[in-house]
Amino acid sequence: MSTVVLPEHLQELLAQAEQQRGRAKRGRYAPSPTGRLHLGNLRTALLSWLITRLQGGEWLLRVDDLDTPRNRPGAEEAIVADLEWLGLRWDGPVLRQSQRRGIYATVLSSLRRRGLLYPCRCSRRLLADISAPHGRSPVYPGYCLSQPVQWGVQQGRLPSWRLRLQPGELHWSEALGSPGCLEASTQVGDVVLRRSDGLFAYHLATAVDEALLGIRDVVRGLDLWHTTAPQIALMQILGAGLPDYWHVPLWIDGAGERLSKRDGGLGLPLLREQGHDAASVVGLLAASVGLVEPGARLSAEELLRASELEALRGQLASKA
């Protein structure tokens with residue numbers, strides 16, 4: 001896959017990121033400020049912190065706040081407070097994608113000059129008619145791929161910008177199972193990198209940040225497995241090294257449904273009302289994936305001292 005030439009200052013950031021990868025493992029936790037963290041979010045944060053710390057690495061906190069219509073007032077402050085209460089300390093300042101828009105815009109311009117983007121004017125209604133089995137994102141059928149390239153306003157709206165993917169398999173490393181592999185044309189499709197409302201899309205911001213921050217381990221929920229392929233494709237186009245992915249099992253409630261921020265419950269406020277302290281919550285989160293016995297009480301640091309990376313990997317793999 002051909003690479004795109006970035007401006008000099010971004011090339012320097014990319015080189016620094018690759019040096020970082022060679023020095024030490026670096027992980028990140030990247031919540032969106034759309035509501036309070038539920039138990040599944042908190043468990044993923046704990047596992048991400050634990051995996052990074054067991055390797056002597058740096059752990060970053062990045063707030064993915066680009067989707068401004070969905071952000072909720074006070075959500076970021078609540079997320080920070082919850083992580084601190086659990087004893088999950090991060091390295092450096094809190095990073096916010098909203099403060100990195102200039103980087104994303106520069107990368108988009110480079111991709112556009114290279115001919116790797118095209119405008120898409122498909123309506124939401126049209127795209128909604130594309131079936132999406134098993135809740136996964138539908139594969140865009142390329143309606144606008146062969147249309148004349150016009151980036152301006154038409155009928156009162158701007159186009160979204162799609163990444164022109166070349167056919168071929170996209171491979172990535174999975175720490176908890178077989179390597180990931182999806183075919184770009186038939187299983188991934190040309191994803192949106194800039195929305196028609198002007199907001200930078202998830203795939204662009206995530207891939208650029210993993211690349212330029214030198215992230216080595218990405219720990220996130222199994223529901224995001226399918227999103228890995230387009231992000232891998234973009235990182236390859238940028239000439240960046242690729243992370244190792246830990247797609248961890250989801251937290252399932254008593255009804256067999258995965259937890260959601262929309263549920264509003266099963267977060268720290270409710271647990272604290274029920275009398276739980278940080279030690280009991282850390283024990284609850286760790287016990288849910290078999291790292292400790294049910295009912296255990298321990299701090300995050302005590303869990304770290306009692307854990308080994310390969311044992312952790314094996315336990316998570318058995319649950320995935």
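Remember, predicted model here, so these are calculated numbers, not experimental data. (Residues numbered from 1 in each chain as written. Predicted model: local features only at pLDDT ≥ 70, side-chain atom pairs only at ≥ 80, totals over all residues. Heavy atoms only, no water.)

Colleague: Would you take a moment to explain the packing of aromatic side chains for this structure?
Modeller: Aromatic rings considered in pairs are described by the distance between their centres and by the relative angle of their planes. Per the stated rule, a full pass over the model turns up five aromatic pairs. For the pair Tyr104 and Phe200, a centre-to-centre distance of 5.8 Å together with 70° between the ring planes defines the contact as edge-to-face. With a gap of 96 residues between them, Tyr104 in helix 4 (residues 101-113) and Phe200 in the loop between strand 8 (192-194) and helix 7 (202-212) connect regions that are remote in the sequence. Taken individually, Tyr104 and Phe200 each receive the classification buried, so the pair is uniform in this respect. (Phe/Tyr/Trp six-rings, centres within 6.5 Å; stacked < 30°, edge-to-face > 60°. Helix = DSSP H or I, 4+ residues; strand = E, 2+ residues; numbered from the N terminus. Buried < 20%, exposed > 50% of the residue type's maximum accessible area, 1.4 Å probe, protein only.)

Colleague: I keep staring at helix 7 and nothing clicks. Help me out?
Modeller: Note on helix geometry: an α-helix contains 3.6 residues per turn, so any two residues three or four positions apart are oriented the same way. Of all eleven residues that make up helix 7, ten are buried, and the element is covered over most of its length. Every buried residue belonging to helix 7 is among His203, Leu204, Ala205, Thr206, Ala207, Val208, Asp209, Glu210, Ala211 and Leu212, and all of these are buried. Directly beyond the C-terminal end of helix 7, a positive phi value near 70° is found at Gly214.

Colleague: Would you mind showing me how to read the packing of helix 7 against helix 8 (residues 228-237) here?
Modeller: A pair of packed helices is captured by two measures, namely the crossing angle of their axes and the spacing between those axes. In the contact formed by helix 7 and helix 8, the axes pass within 9 Å of each other and the chain directions differ by 55°. Relative to helix 8, the element helix 7 lies oblique. Read as a crossing pair, helix 7 and helix 8 show a hand that is right-handed. Contact with helix 7, carried on its side by Tyr202, His203, Leu204, Thr206, Ala207, Glu210 and Ala211, involves Pro230, Gln231, Leu234 and Met235 of helix 8 and no other residues of that element. Broken down by class, the residue content of the contact of helix 7 with helix 8 amounts to seven nonpolar, three polar and one charged. (Axes fitted to C-alpha atoms, helices over the stretch in contact; angles between N-to-C directions. Parallel < 35°, antiparallel > 145°, perpendicular 65-115°, else oblique. Left-handed = near helix turned anticlockwise from the far one by under 90°. Contact = heavy atoms within 4.5 Å. Nonpolar A, V, L, I, M, F, W, Y, C, P; charged D, E, K, R; others polar.)

Colleague: Can you help me understand the nonpolar core in this one?
Modeller: If you look at soluble globular proteins, the nonpolar side chains tend to sit buried side by side. Residues Val107, Leu111, Leu117, Leu163, Leu193, Leu204 and Val208 are the most contacted members of the largest nonpolar core, which totals 43 residues. Residue contacts for Val208: discarding those within four places in its chain leaves Ile103, Tyr104, Val107 and Leu238. (Core = buried A, V, L, I, M, F, W, Y, C linked by side-chain atoms within 4.5 Å.)

Colleague: Sorry, what's going on with the pairing of strand 7 (residues 180-183) here?
Modeller: Strand residues, when the strand is regular, have side chains that alternate between the two faces of the sheet. Here strand 6 (residues 169-174) pairs with strand 7 via four bridges, running antiparallel. Bridging from a neighbouring strand, His171 pairs with Cys181 of strand 7. In sequence, strand 6 turns back onto strand 7 through a hairpin of five residues. (Pairing = 2+ DSSP bridges.)

Colleague: Would you explain the pattern of salt bridges in this entry?
Modeller: Counted by the stated rule, this structure contains 17 salt bridges. In this structure, the salt-bridge partner of Arg195 is Asp197, at a minimum N-O distance of 2.6 Å. Relative accessible area serves as the criterion here: at 24%, Arg195 is assigned to the partly exposed category. Classification of Asp197 as partly exposed rests on a relative accessible area of 44%. Residues joined in a network through salt bridges with shared partners are Arg28, Arg62, Asp64, Arg100, Asp209 and Glu210. (Salt bridge = Lys/Arg side-chain N within 4 Å of Asp/Glu carboxyl O.)

Colleague: Would you take a moment to explain helix 2 (residues 39-54) for this structure?
Modeller: Between its first and last C-alpha atoms helix 2 spans 22 Å; for 16 residues at 1.5 Å apiece the expected length is 22 Å, and the two agree. Among the 16 residues of helix 2, 14 are classified as buried, and the element is accordingly described as predominantly covered. Within two residues after helix 2, Gly56 carries a phi angle of roughly 70°, on the positive side. (Expected span 1.5 Å × (residues − 1).)

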